[in-house]
Each structure stands twice: as C-alpha cells, then as structure tokens.
Number of protein chains: 4
Amino acid sequence: MIKVIIAGYKGRMGSTAVNMVLEQEDFELVGVLDPFAKEKEAFGVPVFTDKSELVGFSADVWVDFTQPSVAFENTKFALENGFRPVIGTTGFTEEQIAELINLSQEKEIGGLIAPNFALGAVLLMQFSKQAAKYFPDVEIIELHHDKKKDAPSGTAVKTAELIAEVRVEHHQGADDEEESIAGARGAEFEGMRIHSVRLPGLVAHQEVLFGSAGEGLTLRHDSYDRVSFMTGVALGIREVVKVHELKYGLEHFLEL
Amino acid sequence: MIKVIIAGYKGRMGSTAVNMVLEQEDFELVGVLDPFAKEKEAFGVPVFTDKSELVGFSADVWVDFTQPSVAFENTKFALENGFRPVIGTTGFTEEQIAELINLSQEKEIGGLIAPNFALGAVLLMQFSKQAAKYFPDVEIIELHHDKKKDAPSGTAVKTAELIAEVRVEHHQGADDEEESIAGARGAEFEGMRIHSVRLPGLVAHQEVLFGSAGEGLTLRHDSYDRVSFMTGVALGIREVVKVHELKYGLEHFLEL
Amino acid sequence: MIKVIIAGYKGRMGSTAVNMVLEQEDFELVGVLDPFAKEKEAFGVPVFTDKSELVGFSADVWVDFTQPSVAFENTKFALENGFRPVIGTTGFTEEQIAELINLSQEKEIGGLIAPNFALGAVLLMQFSKQAAKYFPDVEIIELHHDKKKDAPSGTAVKTAELIAEVRVEHHQGADDEEESIAGARGAEFEGMRIHSVRLPGLVAHQEVLFGSAGEGLTLRHDSYDRVSFMTGVALGIREVVKVHELKYGLEHFLEL
Amino acid sequence: MIKVIIAGYKGRMGSTAVNMVLEQEDFELVGVLDPFAKEKEAFGVPVFTDKSELVGFSADVWVDFTQPSVAFENTKFALENGFRPVIGTTGFTEEQIAELINLSQEKEIGGLIAPNFALGAVLLMQFSKQAAKYFPDVEIIELHHDKKKDAPSGTAVKTAELIAEVRVEHHQGADDEEESIAGARGAEFEGMRIHSVRLPGLVAHQEVLFGSAGEGLTLRHDSYDRVSFMTGVALGIREVVKVHELKYGLEHFLEL
C-alpha cells in the first residue's frame, strides 16, 4: 500500500485526486492539506491547514494541486520530509526545477513534476516525435471549445517543438502555393502548419497528421473531462516510489 | 436502354466515361467523338471526328468531357439535334448557361451542366447547407496532396458560400481570441473559418464540422480516384431523359 | 415572447430545460410543475404540484420531462387546456400517439412528441436516409461508454431502419467473404452491417460510412452532454406555436 | 552511394521498387533480375535472368520481390554472395527465417525480411503496443474495400497479438452487455474487439481506439497505394548496410 497525502484537496483537481486515491486498491489516503479547510477530519483521515504540521508524519507520496505561489515551497518541504512529490501545479521556473532535482538526488528520493498529467496527450506527443523521424511531412489540427482565447493551443505548440527536435526542417506544402484567403494554411512553426478549430460542444482534442507517398498516419487525442488527468497521477504515484530522483515530465515514467 | 454518345472519349475523363457506360445495363454506347481520333470504330461503335457528322444520328444523351473552348458549341449542337447534354467540361460563363437553359426550354429537352460530378462532394455541400440552418457554428477543414497550389480549395469556398446563404452571420470563436502565431485560426469567410491541410499521400478530402452545446456533427467526403465522378455522370444520364430543361448543378437531380 | 410551463422541473432533464428557457430571449418561464416540489415559488414563477391547478392558466407551451406513467395524461391535459405540448418523455404506444394527434387536430393546436431531441442525431439520421438513395453501400459504427448494456444502440438500429426504407437491399461485402473470428463483420441488418464499440471515456457517438467507386462519405455525430438535447427542445418550442397539429419526431420541424 | 540489385523487377512491386531506387540520390541501381526478362539491358543497367549470373557481381543490397517459391533460395544466395538482402516476398517458415538469420550472423552481413513494408502500418502497430501498456481498454476497427474476402484483416490480428503481449487481459465492455443482433460487438480476441468494415471506395485503413476515464487516444493508418511500401524499402536499404545480421520485421530498424 502506498500512503498518500493530498495538498490542495479542496480545489477541483485536488478533490478529484482524493476520489481517485480512495478508489485504487494499492493506495491509502493518510492525510489531506488545505489552508482553507475548516474540518479536522475528512474521508476518515486527519486534515491539516499548514504543512509544518506534517513534519514527522508517515507517508510515501505527496500529491500537490495547490497554487503556483506555494508549489515550489511545498515540493521542497515534501522532499526534505521524505514524502515523494507528485506535483500537478504549474508555473515552476527552470531554476526551481533544477534546484528540486538536485535536492531529490541529494535525498535520493523520487518525485514528479508534470505540466500535463493527461496520459493520452503525453503519449500523443511522444508518438508524434517518434513518427516524425520517419514521416517528416506533418501538420497539426487542434480543436477546442469556442471560449478558448489563445491559438494555437499550448499542447499543439509543445507537440510541434518536440517534432521539430527530430524532423528535417522543411516548408510544408507546394513551393508555389498561394492563399486566396489569408490564414488558410494555418500557423507556421519551423515549416510545419498548425490549425486551430474553435466550436461550441468541443472540449480539447488534437490530431497530428503525417503523410507520405501513398499513405497517412493520424494520431488523435480526445480529452473530455479533467478526470482524465487522474490516470497520469496514479501512474506517477506508483512510479515515484521506485526511483531515486525527481523527474520533470510524465514521459520519463513511460516505457516507450 | 438509354443511347449515349461520348464526346472527348480519348481524354482521361472521356475514356473513364466510356468504361462506365459499357458497364451499365441500362446504357448503350452508340457513338464516340474526338477530333484526335484516327480509328473509324472503337468499342464496337462508330467514331466521329467532327460533330457535324452526327446530325440526324439517333441517340438520347450526349456526354461531353471536351475542352472549355468547344463545350459551349457542343452543348448547343446537342440541344439542337435532340441529344440531351450531360456536360462535365467547366468554364461556362453565366450568360452561356442562361442561353443554354433558354434553348433547352424552347426545345423542351433535358440536360445537365455540372461543375462537380462527385456525388459525395455534392451531397456534402447540400447537407452542410441544411445543417447550418440549425448549427450556425461551423468550420471547414479541407485536406489535399501537397502539390496543390491554391488554398483554400474551390470546393471549400463553394461549401462556405452555400452555408453563408442560410447561416446567421457571426464571428466564429471567442470575441477576445488571439493568435500567438498568425494564421492559426485559418481563413475567414463571413465569420466562418476554413483550414487547408497539405500532405503527401492525401488525395482530396473535406470535413465540415458543426458544433453546438454538448454535441458535434461532422460531415466528411473522401475522394480517392477520378472514377468517383462516374456515379454522378450515370445519375445525370438517367435523369436528363426524364426532364424538359437543362439544369446547372447535379444537386438539381437529387431528392433531398 | 413564448410563455412556457415546465412539467417535471426537478428532474435532470427538466432542470436543464428550466435553465435553457431562462436563457432564451424569446422565451418566458411562467410556471413549473413537479409532484415532488415543496416550494411555492421557484425561478420567480409559481410552482404547481398537480396539473389540475393549471386549468385556466395562461401559457403557450407545455414542456414535459416527467415519467412515462403520467406523460400521456399530461399531454392530453395540455392539449385540452390550450398548452402546446413539447414532450421529451418516452414510452408512448402507437395508439396513444394516434389519439393525441387526433385530439390536437380537433383542438387545432400544435405539439411535439420527440423520442430524440438531439438535433445533431436527428440530422445524422435524416442525412443518412438521403445519402443512402445514392450510396447504397453503407455501414454503421456506433461508439459508447463501456457501461452500456445493449448493442447495437437504439439510435443505430433506428438509423438502419430509416436507411432500409430507401436503400436497395443487398448484402454488404464480398460474396465469398469469411470471418476467421466470428462477429468481425458486425451485426447484420437487412444486408447492412452495424459495429458497436465500447470504451471508457466515450460518451455517445455514431458514424455512418457510405462508400462508392473512388469515394467515401462519412457522417458523424458526437454527443458529449445531455445539454445537447436543449437545442432541439428550443426548436420544438418555437415551432409548435406555428402549427395546428401534434407531430411525432423532431424531423417534422426541420426544413431539409 | 548504395548499389542495389532488384530481383523480380518485372512484377508490380519490383517495378515500383526500380522507380524508387532511381529517384533516391544515395541509391544506385546496378542490376535487375527476372526470369521473364527478354531484354539485355534496362534502365541503363544489365538484366539477368538467373541469379547464378550474379556471382562475383559488385552490389551492396539485394531487393527481392519475387515468388515465395524462390525467395528463400534467393535470400540464401544473396547472403552467400555478399549482397545484403531486403526481402518483401512473404511465405517464409519460421525454420527458414532462423536458418537465414544464422547464415547472416556467420557471414556478418545485414539483411531484412519484412512481411509489411508500410512504414505507417508498422508504426501504428508499435505505437499500439506501447499505448496498450497504459490504456488496457482497446478496440480495433479495420476498413477495407469490399472485395476483401477475409475478416478481420491480417494486420488487425497482428496488431491485436502485439497488444495482447503487454495488455492485462480482460473482457472489453460491460459484464452484462447483450447483443440484440449477433456480431454487433465484433470479433473477440483475448477480450479485445475487432470490427471489420467493407465498403467500395475504401483501400486499406486501420484505427486502434484506446479509451480511459475522460479521454481517448486513436491511432489511424490509411494506405492508399502500394507506392507506400517504398518508404519502408528505402529505409531497409539504408539500414541493412549498417548492421551485421538479418532481422525479421521492419520495426527492428525503427528507433522508437
């Protein structure tokens, strides 16, 4: 049984994480933390409002869905107190990540900071990078609900960056192609093209399309609900207890 | 049995049409025309090199896949000689079409000029127009091989035009959306967005995506081979013998 | 302004309908009914617990998401009291529907009983029927969450029935095809094939695939959330006030 | 420059391979072999009708698209004469493959026997195997033209076998699911489900659908034309010159 503390358990992601931990047979919820908590006990375990109360507490893993402002200190605290951190909060700087990795190596304790816990999205990015070695012709279509402000999506740009690491850079499309309406060919990223669709009803979806003479390979991820992140959190909990340093990115725990 | 003449039978589309006519049980090939023909007989029927040789000839339908420069005169000739024209050649002006419709009404003879004989593409456009009445949120993705020069495709623009006839015009996407890379949101057409994908291996494909609260409706056409046009040509041949004027557009012969 | 009563407003669908009515500018919620209600007023309108209290009440439309056991009596009551019924409850017998249509004609009052209010699903079925006239080769893939017990889905069977009305019946696939594992070719329905996919994460999705020489036409509906039914309910409310008899099926109010 | 011999150059695949080799800048066609050849020279290189004429000939790679009856002897001949074999002919027994691998190790010469040279299809299978570790819920849909006799396709079964190597075996779908029409849930393979769609117009396509709470991952391969095999053949030619034993399966030369 892996003993788990959840920090930020009153937030949307934190409370989803509580449910997930309670459902897994090999996990045991041992404590929850939230500065906004008023009860002393929840889900049959003690409630803490300040991390200092957890010094000396017995747990294996510290799951953190708190605020960017406290996540760094929380992660440091977890490492120093022997709790392996599994961190879903975003906003760490490169320096902070480096410092936390160093600290984990010093303490010889595993950990995970993951900007994206959606296992399917992480696999899509990794497969895209693998495929791009052999299929240098690639375009990305990302589709989101029509309240989304930014285009292209962060995941699409991240995917394009990963592909660019291995793809022979070249201009996608005919040399003499012309747009009769500007923007038809999408956003250009190192010669690749990214297209952003926005429609009500959609949630978060991404397709990476590879083409080669006579064939096509299409990889698609559909995200319908934030509960999807929990598969990745569970994977993280199971993996951090096996390793001896903190990793940045869920892909480090995937055997691909 | 419907007796068919094929003009331009030595071209790619014309020869494909010959094969189609020979395969249909209710069609009878009775003559073929091509100025470049050298043989006197082909497929067991007489070969003509000049349309004047066909005055007084007995046939029901004149299928034409010739050059834009002669198609208008050919169509007029067909109508005047009692052959119902089924014309796949493009490049008619609006005046020419109006003149030919008038002539057909005068002669009380059916006919068809179709800029697009791909039945699936025509259905896609008609369904898109129908759906847009109820789903005003719509984006188009068209996908073609990477030798294509123009973007968006003519079919995508035509589809958008048909949709615009019935759709309440509005800007697609969030009011405050921003492109971090120009072009991400595609080409704008009356508030709709059109995205053009170009990859080797692709032939000609189009998706029309409709979204509404909690649901999506996607219509897709895949064109793999020009043989697909023949389903529409066969439909045209069967329909022109039943009507008494020339129509522009295959959709006029569809019961939707 | 169309004045709307909602019966069954405390249920999941009924409360979703209340929200929809409150959001539409041309609708006015004037009363709500539910035998389980305890409050006297809700959403600023009077609450009723028995339909008899509504005799003489002023309203245009009666939206009903109650139980099958009371829906027939409710619909009759609505017609008799001048409220145009828009009924989402299922389980009417053919005799009951015929009786209600007769009553509506007698009273010269519009109405709608719809077994499916998902506009996209209704359009998918109608388009499939239209396309099948021209594309007799068709297979259906329906995809649902893995808690679903029945396969194929009711919507898939209904779609196949509509297609069968216009499709020339024939066996789909090669004459000499053989399944090396039973079931590979799916369920047979009048020569068509229906395939049922069940996976966690999926909600309710259906694809109708048409094929012809050199081309394919694919129609897909994705249902992510029950809120999708409300587009159809709103359409029903707007249409029943324009007609003078009750219709069975949302498709009767679509201009296709 | 890699010097290439092509055996079976008059067949469909062989002649496609000739074109591919001529187009690549780092390949040099040095000889072609076919027992049915009548010319002495073709594509500017000598034509052979019997492999014995090639003893002592200078070449790096032997590409073979001949008949199953001669492919084993040809591969042995190639290995013994210092030509690295790249073999697309199928029908080798396990014993033959083992013998050829042994021979290649003895001669310290690279080689490749690939039952499937479609790079996209091979990637699809490998990615499916990788994903199945993390997404144990999976169904396969394969779609082919309607002349195909067998269902499910060999590639679909092969994909299922690869997935089964890593997937925790379990029954896909609800425990109490019932088919109202037999076959709806497809073919069962170790608890997985495989669905075979057959339609005119289709060529060869496969989708592997993974589902998990709140998300889906879909991998799709579309094969439109046999020219697609040539990307894999080219890859094989470039890789066999770098290794010192024969491999069975293109995946051994992919860095995934």
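As the structure is a prediction and not an experimental result, all values here were calculated from the model. Going along each chain's sequence as written, the residues are numbered from 1 onward. Whichever chain is written first becomes A and whichever ligand is written first becomes 1, with later ones labelled in order. Local features are withheld for residues below a pLDDT of 70 in this predicted model, meaning they are given only at 70 or higher, and side-chain atom pairs are given and counted only at 80 or more; totals for whole chains, interfaces and linings count all residues. Excluding hydrogens and water, the side-chain values take into account all heavy atoms of the structure.

Participant: Sorry if this is basic, but what is going on with the relation of the copies chain A and chain B here?
Facilitator: Each of the two copies of the chain can be brought onto the other by a rotation about an axis and a shift along it. Once chain A has been moved 0.0 Å along the axis and rotated by 180 degrees, it coincides with chain B to within an RMSD of 0.0 Å. Taken together, the rotation and translation describe the operation of a two-fold axis. Identified as the residue of chain A closest to the rotation axis by C-alpha distance is Gly183 of chain A, at 2.0 Å. Pairs of residues are marked as contacts when any of their non-hydrogen atoms sit within 4.5 Å. Taken as a fraction of all interface residues of chain A, those also at the interface in chain B reach 100%, which identifies the copy contact as same-surface. When the copies are superposed, the least-squares fit takes in the C-alpha atoms of residues with a pLDDT of at least 70 in both.

Participant: Looking at this model, I keep getting lost on the sheet that holds strand E3 (residues 41-42) of chain D. Mind explaining?
Facilitator: Strand-to-strand pairing in sheets goes through backbone hydrogen bonds, with the strands running parallel or antiparallel. All names here are of chain D. Spatially, 8 strands are ordered E3-E4-E2-E1-E5-E6-E7-E15 in an open sheet, and the strand pairing comes out mixed. Only two strands of the sheet have a single partner each, and these edge strands are E3 and strand E15 (246-248). As defined by bridge partners, strand E1 (residues 2-7) adjoins strand E2 (residues 27-33) across 6 bridges and the pair is classed as parallel. Paired with Ile2 across the bridge in E2 is Phe27. At least two DSSP bridges between two strands are required for those strands to pair. Only DSSP runs of H or I reaching four residues or more are called helices, and only runs of E reaching two or more are called strands; each is numbered from the N terminus.

Participant: Would you take a moment to explain the UniProt feature "active site" (unreviewed entry) in chain A for this structure?
Facilitator: Residues annotated in UniProt with the feature "active site" (unreviewed entry) correspond here to His144 and Lys148 of chain A. Mapped onto the fold, His144 of chain A is located in strand E8 (residues 138-144). Accessibility here uses a 1.4 Å probe with only protein chains present; expressed as a share of the type maximum, an area under 20% marks a residue as buried, one over 50% as exposed, and anything in between as partly exposed. On the basis of relative accessible area, His144 of chain A is assigned to the buried category, the value being 11%. Contact partners of His144 of chain A, with chain neighbours within four places excluded, come to Ser153, Val197, Arg198, Leu199, Leu202, Val203, Ala204 and His205 of chain A. Pairs of N or O atoms within 3.5 Å make up the polar contacts considered here, provided that, within protein, one atom can donate a hydrogen while the other can accept it, and that residues adjacent in sequence are counted only when both atoms are side-chain atoms. At a separation of 2.7 Å, a polar atom in the side chain of His144 of chain A contacts the side chain of Glu142 of chain A. Tracing the backbone through its elements, the reader meets Lys148 of chain A in the loop between E8 and strand E9 (150-151). Contact partners of Lys148 of chain A, with chain neighbours within four places excluded, come to Ser153 and Arg198 of chain A together with Ala174 and Glu177 of chain B. UniProt positions are given in the numbering used here, feature names are shortened, and annotations may be inferred rather than shown by experiment.

Participant: Before we go on, may I ask you to explain the sheet that holds strand E11 (residues 187-189) of chain A in this structure?
Facilitator: In space, the 10 strands of this open sheet follow the order E11(A)-E12(A)-E8(A)-E13(A)-E14(A)-E14(D)-E13(D)-E8(D)-E12(D)-E11(D), with mixed pairing throughout. With one partner strand each, in any of the chains shown, E11 of chain A together with strand E11 (187-189) of chain D form the two edges of the open sheet. The mean inter-strand angle of the sheet, taken between neighbouring strand axes irrespective of direction, is 20 degrees. With respect to the sheet, helix H5 (residues 154-166) of chain D is in contact with strand E8 (138-144), E11, strand E12 (192-198) and strand E13 (204-212) of chain D, its orientation differing from that of E8 of chain D by roughly 165 degrees. All axes here are fitted lines through C-alpha atoms, helices being fitted over the stretch that makes contact, and every angle between N-to-C directions spans 0 to 180 degrees.

Participant: Honestly, the interface of chain A and chain C in this entry has me stumped. Any pointers?
Facilitator: Often, the extent of an interface is quoted as the loss of accessible area upon association of its parts. The partner chain C presents 4 residues to the 4 residues of chain A that form the contact. In this assembly, chain A packs against chain C so that about 320 Å² is buried in total across both faces, 67% of it on carbon and sulfur atoms. A pairing counts as a salt bridge when a side-chain nitrogen of Lys or Arg comes within 4 Å of a carboxyl oxygen of Asp or Glu. Here chain A is connected to chain C by 0 salt bridges. The tally of links from chain A across to chain C stands at 0 residue pairs in polar contact (both at pLDDT 80 or more). Buried area counts how much accessible surface, traced with a 1.4 Å probe, disappears from two parts once they are put together, with both parts' losses summed.

Participant: Quick question: what am I supposed to make of the packing of aromatic side chains here?
Facilitator: Residue and element names in this part refer to chain A. Any pair of Phe, Tyr and Trp rings, taking the six-membered ring for Trp, is counted once the centres come within 6.5 Å. Such a pair is stacked with planes under 30 degrees apart, edge-to-face with planes over 60 apart, and tilted for the rest. Counted by the stated rule, this structure contains 28 aromatic pairs over all chains. Geometrically, the ring pair formed by Tyr9 and Phe43 is edge-to-face, given 6.2 Å between the ring centres and 85 degrees between the ring planes. Of this pair, Tyr9 sits in the loop between strand E1 (2-7) and helix H1 (12-23) while Phe43 sits in the loop between strand E3 (41-42) and strand E4 (45-48); the two residues are 34 residues apart in sequence, bridging distant segments of the chain. Under the relative-accessibility criterion, Tyr9 is labelled buried at 4%. An aromatic cluster of at least three residues, connected via ring pairs, comprises Trp62, Phe77 and Phe83.

Participant: Looking at this model, I keep getting lost on the interface of chain A and chain B. Mind explaining?
Facilitator: At the interface, 44 residues of chain A touch 44 residues of chain B. Note on chain A versus chain B: buried area summed over both sides is about 3100 Å², and carbon and sulfur give 61% of it. In this structure, the connection of chain A to chain B is made through 2 salt bridges. Note that Asp176 of chain A is salt-bridged to Lys149 of chain B, the shortest N-O span being 3.4 Å. Joining chain A to chain B, the criterion identifies 18 residue pairs in polar contact (both at pLDDT 80 or more). Here the element with the most residues in the side of chain A that touches chain B is strand E12 (residues 192-198) of chain A; it accounts for 5 residues.

Participant: Where do I start with the domain arrangement of chain A in this structure?
Facilitator: All names here are of chain A. What the domain assignment reports for chain A is domain 1 (2-113 + 227-253) and domain 2 (119-224). For domain 1 versus domain 2, the separation of C-alpha centres amounts to 33 Å. With 5 residues of domain 1 at the contact, the number on the domain 2 side is 4 residues. At the boundary of domain 1 with domain 2, total buried surface from both sides reaches about 390 Å², with 72% on carbon and sulfur atoms. The largest per-residue losses of area from domain 1 upon contact with domain 2 belong to Ser228, Leu250 and Glu251, which jointly make up 68% of the total buried on that side. Run the count over domain 1 and domain 2 and you get 0 residue pairs in polar contact (both at pLDDT 80 or more). Each residue is assigned to one class: nonpolar for Ala, Val, Leu, Ile, Met, Phe, Trp, Tyr, Cys and Pro, charged for Asp, Glu, Lys and Arg, and polar for all the others, Gly among them. Classifying every residue of the side of domain 1 that touches domain 2 by side-chain character gives 2 nonpolar, 2 polar and 1 charged. What fixes the domain bounds is an automatic or database domain assignment.

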